[in-house]
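Next come the chains, spelled out residue by residue.
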Amino acid sequence: MTPEALHANWTEAWRALGVASPSDALCTALQQRYSEPQRHYHTMQHLGECLAWFEREKANAEHLGEVALALWFHDAIYDVHAHDNEARSADWARQALIEAGATEAAAERVHALVMATRHDAVPEGRDAELLIDIDLSILGAERTRFDEYERQVHAEYAFVPEDVRLPRRRAILQRFLDRKAIYATPRMHAQLEAQARLNLQRSITG
């Protein structure tokens, strides 16, 4: 996504919430987070890909601004050695929304959406289903991009010995493959499901 498209998405998200967009400092701070040196996959590339999918699929959102902002914040905190990245990202999102003048209900819904990206439960509700489908869209990417994604994930966890990292990674991918459906929204299911299953199977057996 171009810087102009990113800025347009950002301002539209806040407009949809019915509050004025915060200063550019918050948007800049988030982009700086996604540009941290320890990141290889959870970067501005990933955020841009997610927001591009959102722009194509946003008609399916119940709360357009909330889904967009949940995407902006969902990997805002990313410490490869920590296990509470989603919780810390969700807390930051909730605080930012409240400080900007959003309702408590909207802030709590965005918090819940960010927490859903832990992928430890089946998403409930249209917004959560859309958000998770977008976050997992990389699984259904064309082969070259999927293989790049796998290399990026392994680079983020290069500190883990290979004999530990590879089986863990295969187990994570197998959990997605074992789902009855990886994608919940009809359009994204139709576009990505078959390719995602091919990618996952190839990565697990390769």
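Each chain carries its own residue numbering, running from 1 in the direction its sequence is written. Thresholds applied to this predicted model are a pLDDT of at least 70 for local features of residues and 80 or more for the giving and counting of side-chain atom pairs; totals over whole chains, interfaces and linings are not thresholded and use all residues. Water and hydrogen atoms play no part in the side-chain values, which are based on all heavy atoms of the structure.

Draft legend 1. Here's a closer look at the overall build of the protein. Going along the chain from the N terminus, every DSSP run of H or I of four or more residues is numbered as a helix, and every run of E of two or more is numbered as a strand. Secondary structure assignment for the protein yields 10 helices and zero strands. Ordered by position in the sequence, the α and β elements of the protein form the string α-α-α-α-α-α-α-α-α-α. Its C-alpha atoms give the protein principal-axis dimensions of roughly 50 × 35 × 30 Å. Among the 206 residues that make up the protein, the fraction classed as buried is 47%. What sets the accessible areas is the Shrake-Rupley method with a 1.4 Å probe; for residues, cover comes only from the shown protein chains. Accessible surface computed for the protein: about 10000 Å², of which carbon and sulfur atoms make up 53%. A positive count includes Lys and Arg, and a negative count includes Asp and Glu. His and the chain ends are not counted in either. For the purpose of locating charges, the reference atoms are NZ of Lys, CZ of Arg, CG of Asp and CD of Glu. Charge-centre separation for the protein: the mean point of 23 positive side chains lies 5 Å from the mean point of 32 negative side chains. Under the scheme applied here, a residue whose accessible area is under 20% of the maximum for its type counts as buried, over 50% as exposed, and between as partly exposed, the area being computed with a 1.4 Å probe on protein chains only.

Draft legend 2. Broad picture of the pattern of salt bridges. Here, a salt bridge means any side-chain nitrogen of Lys or Arg that lies within 4 Å of a carboxyl oxygen of Asp or Glu. In total, this model carries 16 salt bridges according to the counting rule given. For the salt bridge of Glu-150 with Arg-169, the shortest nitrogen-to-oxygen distance reads 2.6 Å. Of this pair, Glu-150 sits in helix H8 (residues 143–156) while Arg-169 sits in helix H9 (residues 162–177), and the two are 19 residues apart along the sequence. The burial state of Glu-150 is the same as that of Arg-169; both residues are buried. Connected through salt bridges with shared partners, the residues Glu-12, Glu-55 and Lys-58 form a single ionic network.

Draft legend 3. Up close: the environment of Ala-196. Here Ala-196 shows up in helix H10 (residues 186–205). Separated by 13 residues in sequence, Ala-196 and Tyr-183 place their C-alpha atoms 9.4 Å apart. Once you skip the residues sitting within four places of it in the chain, Ala-196 turns out to touch Leu-139, Gly-140, Ile-182 and Tyr-183. Here a residue-residue contact requires only that any non-hydrogen atoms of the pair lie within 4.5 Å.

Draft legend 4. Up close: the nonpolar core. As used here, the term nonpolar core means buried Ala, Val, Leu, Ile, Met, Phe, Trp, Tyr and Cys residues forming a set that is joined through side-chain atoms within 4.5 Å. Judged by nonpolar contacts, the single largest core of 56 residues is most densely connected at Trp-10, Val-67, Leu-71, Trp-72, Phe-73, Ile-134 and Leu-139. By residue number, the principal contributor to this core is helix H4 (residues 64–73), which donates seven residues. The contacts of Phe-73, once residues within four sequence positions are left out, are Leu-26, Leu-30, Tyr-34, Ser-89, Trp-92, Ala-93, Ala-96 and Val-114.

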